[in-house]
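Secondary and tertiary structure notes
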Amino acid sequence: MKIGDCVEYNNEFGIIIEIPITDDNGKYLSKDLLVRWDSPNESDIENCLGNLEGLLKKVKQHQFKFIK
């Protein structure tokens, strides 16, 4: 999976996003790949690793309702 991929899990759709992790001085340390689910709640974000790892299905295209 990479940033921008459209994914599906249990008939819910989302998009892979990245949130960079920085130290207190703003120096880039690493990044987390997350899923932003297509819901009215903009903070409906979940880590790709852990429970979802291996369960997400990449889909070619999906008409998002809430993600622009």
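1. A word on unusual backbone geometry
Trans is the prevailing form of peptide bonds, just as negative phi is the prevailing case for residues other than glycine. Of note, Asn10 is a non-glycine position whose phi angle comes to about 55 degrees, a positive value. Mapped onto the fold, Asn10 is located in the loop between strand E1 (6–9) and strand E2 (12–22). Among the residues examined, Asn10 registers a relative accessible area of 64% and is labelled exposed. Despite not being glycine, Asn11 shows a phi value in the positive range, around 65 degrees. Within the secondary structure, Asn11 sits in the loop between E1 and E2. According to the relative accessible area criterion, Asn11 is exposed, its value standing at 63%.

2. What to know about the sheet that holds strand E4 (residues 45–47)
Pairing within the open sheet is antiparallel, and its 5 strands lie in the order E4-E3-E2-E1-E5. The two strands at the open ends of the sheet, each matched to only one other strand, are E4 and strand E5 (57–59). Taking the axes of each pair of neighbouring strands and ignoring which way they run, one obtains an average angle of 45 degrees across the sheet. Inspection of the sheet shows E2 paired to strand E3 (residues 28–37) by 9 bridges, in the antiparallel sense. Counterpart to Ile16 in the pairing with E3 is Val35.

Parameters and conventions
Residues numbered from 1 in each chain as written. Predicted model: local features only at pLDDT ≥ 70, side-chain atom pairs only at ≥ 80, totals over all residues. Heavy atoms only, no water. Helix = DSSP H or I, 4+ residues; strand = E, 2+ residues; numbered from the N terminus. Buried < 20%, exposed > 50% of the residue type's maximum accessible area, 1.4 Å probe, protein only. Pairing = 2+ DSSP bridges. Axes fitted to C-alpha atoms, helices over the stretch in contact; angles between N-to-C directions.

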